[in-house]
Protein chains: 2
Amino acid sequence: MNIGLIGLGGVGRAFIQLLEMKKEEFGNLRIVFLLNSNSGIIDCDGIELNDVLEYLKENKDLSRYKGGFSKWNLDEVIKASNADCLVELTPTNKETGEPALSYIRCGMEIGLHVVTGNKGPILIDYKGLKQLAKEKGVSLGIGATTGGALPSIAGGEYGLRGSRILGVRGVLNGTTNYILSLMEEEGLDYLEALSMAQREGIAEANPKMDVEGFDTAIKMLIISNTMLNQDITLDEVEIEGITGIGIGDIEEAKMVGKRIKLMGETYYDGDRLKIRVHPKLIDKDSIFYNVMGKNKGVEYITDTLGEVAILGGASNVLGAAASVLRDILNIRRW
Amino acid sequence: MNIGLIGLGGVGRAFIQLLEMKKEEFGNLRIVFLLNSNSGIIDCDGIELNDVLEYLKENKDLSRYKGGFSKWNLDEVIKASNADCLVELTPTNKETGEPALSYIRCGMEIGLHVVTGNKGPILIDYKGLKQLAKEKGVSLGIGATTGGALPSIAGGEYGLRGSRILGVRGVLNGTTNYILSLMEEEGLDYLEALSMAQREGIAEANPKMDVEGFDTAIKMLIISNTMLNQDITLDEVEIEGITGIGIGDIEEAKMVGKRIKLMGETYYDGDRLKIRVHPKLIDKDSIFYNVMGKNKGVEYITDTLGEVAILGGASNVLGAAASVLRDILNIRRW
C-alpha cells in the first residue's frame, strides 16, 4: 500500500517514526509523498523514512530536501504519485473543517482511501464524506479522531457487529479527566489543577475546548453518528464542562464513595437520540470509576451483546499514530 | 449468505431465535440446513425459522419435521445444500475435539467458512485448522469460544491491529467470578457460594472445569495462540483454581482494599511466552476490580497502543449466539 501523508505536526512525525520502527513487519507500507503547509516531497519508490526524520529534526521546509518542492496542489501531487491511501493530519478547524475537508474530498475523488485524525471535517460533513467514499468505492478511517489509541470505533464496529446500539457512555477527554484526578488525589482546586496540567503540557494554554466539554461532545458526536448511523450536529448536543467544579464538589463525592467525571452520554429519549456531556457522579462500582488520569473509555449498551466497555489506550502522539496505522491495516484487510 | 447450523443446544437454538429476531436487518442470512446428533433438515431456499423454533419447543428429533431425515453425513448434507458458512455448535469434547473437529474440517474442505463456539477443536488443533482455512481460502470464526458476547478476539483483532501484543490479562470465567463475588458480598464460604451458584443454574453440577481454572486456561490459551500467533498447549499452562480460597482470604483482601479474582495472565518470561491462571489479589484501582458477578474482561498490553481493556458482554445464550452472528458478519464484510 502506498501512502501519501499530509500534515507533519506531532502525530504526522510520529506516524513516520512508527512506520520506520515497524518496517520489518509492514515494509509493504510505503510513504510516497509527504506534504506540509508549503512544501513537500514525492518518491514513488517510497521515501527513505530515516533520512527524512533526521532532516525534519532541524528543518520544517521540505523544499530543500532532495527532490523537494515548495508550492503544491494536492490533486497534482496525488496524480504524480502512486498513492492509494491518503493520511490526513493537518491542523484542525472545527468551524469550517478546512483545509482538511477539501484534502479528504480531493483524495477520495481520485480514488484513494483516506485515514484522518482530524475532527474538523468529520464534524462538518461526515455524512457527505461517507457518501463520497461509497460512490468512489473507497474507505474512510476516522479512529484517531475519537480517543487516539483507544479503539472506540474499530473495537466497537467489529466487536459489536450485528447488535443494535441502544446507548453510549464515554469518558473521552484525557485533559479534563487528568484535572479531575489531580483535584481528587492532590486536593487541588480547579484552577490549581488546571495550571498544573498546563505546566505538564497536558492542558493547552487555551484549555476551552477541553474544559468546557467541546472535545468530549465532538468525540461523542462522531462515535454516535458513526456507530448509530445518525446525523446529529454539534449544536444539538447539551454541553456542560468542568469549569464549575470546585474542590468542595470533589470532596463531597468522595465522602459518599463516588467520583466526578466528565461523561458523554448518548441515549434515546423516546424515538429521538440525544447526546449530553456533563460532570457526573460515578459510583464506585462503575467500570468508569477506575478510569483515572489521562485514561479514556467508552461503553456501548447493546440489544444482544449486553454492555461492552473499551478502556485505555496510550495517551500520546505515538498512540494516535498507531491508531492511524490500525485504520490503514483494517482497510487493507478487505 | 447461506448458513448450515450443526448443533441444537442452548446456543444453537438461541442463534435461530436471533436470526428470526433480526430478519428485517439480516434477511439475507438464511439457514439452509439444521442438524442435530441424529436428524436434520435441508431447505436451499432458507428454512422457515419461526416454524422450526415452534417445532423444537416440543421435539428434538427433526426427522419428523417436513422434509426431515434421520441419519446424515455432513459431507453429503453440505453438498446437497447451497451453504457457504457452517456454524458448528455441537457439544464440546476437550480431549479429542470430536466430533466437532471433523465437522469443521469437512466444512472447510468443501470451501465453507466456519464459525464455532466450541473450545474443543480449537484447543486440539487450532494451528491445523488455521492452516486448512488458509489453503481453502475460507475464514474461521472462534469469537464465541473465548467469553461469549465479550468481543475478546474481534475487538482485539481489529482494535489492536498494527500493534504488538506484549501480554494479556483476563477474568474470563463468569462462574468463578460469580462465586468469588458472592463470597465477598454475602460473606459466604466457598462451598456455600458454589452451591448457591449451582442452585441458580450458574455453576454446573460438576463444576470442576470452572472452579479448577481449566475454562479460564483454555480461553487464555485460545486468545493467546490466536492474537499472539503462538502454539502453546494446555499442559504448558500453569493452572490454579479457586477451590483453595476461603472466606478468610476474601476478608483479608477486603481489609487491605483488594479483591481476589481468578486471573489469567499471558506474559513473556525472557523470549518465552507463558500462561498462568491463579487467584490474584486485585488492587482497587485496577480496571478488573469492578468486573463483578458473571462479568468478564480482557486486557491487552501492547507496544504502541498502550493497555487496552475490553469488559462486559451479556453472559447468556443469546449473547453467545450474538457472538456467532458477529463473526459471520465480520467474515462477510470482506
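All figures in this text were calculated on a predicted structure; none of them were measured in a lab. (Residues numbered from 1 in each chain as written. Chains lettered and ligands numbered in written order. Predicted model: local features only at pLDDT ≥ 70, side-chain atom pairs only at ≥ 80, totals over all residues. Heavy atoms only, no water.)

### Comments concerning the packing of helix α5 (residues 119–136) of chain B against helix α10 (residues 214–227) of chain B
The angle between the axes and the distance between the axes are what describe a pair of packed helices.
Residues and elements named next belong to chain B.
For step 1, the next point in the chain: One way to put it is that α5 packs onto α10 with a least axis distance of 10 Å and a crossing angle of 55°. Between α5 and α10, the interaxial angle falls into the category oblique. The element α5 and its partner α10 pack so that their crossing is left-handed. Judged by residue contacts, Lys119, Ile122, Leu123 and Tyr126 of α5 engage Asp215, Ile218, Lys219, Leu221, Ile222, Asn225 and Thr226 from α10.
For step 2, the next point in the chain: Classifying every residue of the contact of α5 with α10 gives 6 nonpolar, 2 polar and 3 charged. (Axes fitted to C-alpha atoms, helices over the stretch in contact; angles between N-to-C directions. Helix = DSSP H or I, 4+ residues; strand = E, 2+ residues; numbered from the N terminus. Parallel < 35°, antiparallel > 145°, perpendicular 65-115°, else oblique. Left-handed = near helix turned anticlockwise from the far one by under 90°. Contact = heavy atoms within 4.5 Å. Nonpolar A, V, L, I, M, F, W, Y, C, P; charged D, E, K, R; others polar.)

### Thoughts on the sheet that holds strand β5 (residues 113–116) of chain B
All names here are of chain B.
For step 1, the next point in the chain: Ordered by their spatial adjacency, 6 strands build an open sheet running β3-β2-β1-β4-β5-β6, and the pairing between neighbours is mixed. The sheet is open, and its two borders are formed by β3 (39–42) and β6 (140–141), each paired with just one other strand.
For step 2, the next point in the chain: Note that strand β1 (residues 2–6) and strand β4 (residues 85–88) share 4 bridges and pair parallel. Its bridge partner lying in β4, Ile3 is registered against Cys85.
For step 3, the next point in the chain: Strands in contact with helix α1 (residues 10–21) are β1, β2 (30–36) and β4; relative to β1, the strand with the most contacts, it is inclined by about 155°. (Pairing = 2+ DSSP bridges.)

### Observations regarding the pairing of β2(B)
Residues and elements named next belong to chain B.
For step 1, the next point in the chain: Within β2, 6 of the 7 residues are buried, which leaves it mostly tucked inside the rest of the structure.
For step 2, the next point in the chain: Two strands pair when backbone bridges link them, and β1 and β2 are joined in this way by 5 bridges, in the parallel orientation. In the strand pairing of β2, Ile6 is matched with Leu35.
For step 3, the next point in the chain: The handedness of the β1 to β2 crossover, carried by α1, is right-handed.
For step 4, the next point in the chain: As consecutive antiparallel partners, β2 and β3 are separated by 2 residues. (Buried < 20%, exposed > 50% of the residue type's maximum accessible area, 1.4 Å probe, protein only. Right-handed = clockwise from strand over helix to strand, strands pointing away.)

### A word on helix α11 (residues 247–255) of chain B
Residues and elements named next belong to chain B.
For step 1, the next point in the chain: Turning to α11, its buried residues are Ile247, Ile250 and Ala253. Angularly, the buried residues of α11 cover 125° about the axis, an arc narrow enough to put them on a single face. Turned more than 90 degrees away from the buried face of α11 sit Glu252 and Met255, all of them exposed.
For step 2, the next point in the chain: Those residues of α11 hidden inside the fold are in contact with α7 (174–186), β9 (259–269) and β10 (272–282).
For step 3, the next point in the chain: Where α11 terminates, the next one or two residues include Gly257, which has phi positive at roughly 75°. (Arc of directions from axis to C-beta.)

### A short note on the pairing of strand β5 (residues 113–116) of chain A
Each regular strand shows side chains that alternate between the opposite faces of the sheet.
All names here are of chain A.
For step 1, the next point in the chain: Of the two faces of β5, the one holding His113 and Val115 and the one holding Val114 and Thr116 are both buried throughout.
For step 2, the next point in the chain: Bridge analysis of strand β4 (residues 85–88) against β5 gives 4 bridges, and the strand direction is parallel. Directly across from Leu86, in β5, lies its bridge partner Val114.
For step 3, the next point in the chain: Relative to strand β6 (residues 140–141), β5 is paired through 2 bridges, and the arrangement is parallel.

### Section: the domain arrangement of chain A
Residues and elements named next belong to chain A.
For step 1, the next point in the chain: Each assigned domain of chain A is listed with its residue range as follows: domain 1 (2–149 + 317–333) and domain 2 (154–311).
For step 2, the next point in the chain: Contacts between the two partners involve 12 residues from domain 1, matched on the other side by 15 residues from domain 2.
For step 3, the next point in the chain: In total, domain 1 and domain 2 occlude about 1,100 Å² of area from one another, counting both sides; carbon and sulfur atoms represent 75% of this.
For step 4, the next point in the chain: Together, Lys119, Leu123 and Thr146 form the three largest contributors to the area buried by domain 1 at its contact with domain 2, with a combined 40%.
For step 5, the next point in the chain: A salt bridge links Lys127 to Asp231; the nearest nitrogen and oxygen atoms lie 3.6 Å apart.
For step 6, the next point in the chain: There are 0 residue pairs in polar contact (both at pLDDT 80 or more) connecting domain 1 and domain 2.
For step 7, the next point in the chain: It is helix α5 (residues 119–136) that contributes the most residues to the side of domain 1 that touches domain 2, 5 residues altogether. (Domains from an automatic or database assignment. Buried area = accessible area lost by both parts, 1.4 Å probe. Salt bridge = Lys/Arg side-chain N within 4 Å of Asp/Glu carboxyl O. Polar contact = N/O pair within 3.5 Å; in protein donor to acceptor, adjacent residues only side chain to side chain.)

### Considering the nonpolar core
For step 1, the next point in the chain: Core analysis: the largest hydrophobic core is formed by 210 residues, its most contacted members being Phe15(A) and Phe15(B).
For step 2, the next point in the chain: Those residues within four positions of Phe15(B) in sequence are excluded, and the remaining contacts are Ile3(B), Leu5(B), Ile31(B), Val87(B), Ala321(B), Val324(B), Leu325(B) and Ile328(B). (Core = buried A, V, L, I, M, F, W, Y, C linked by side-chain atoms within 4.5 Å.)

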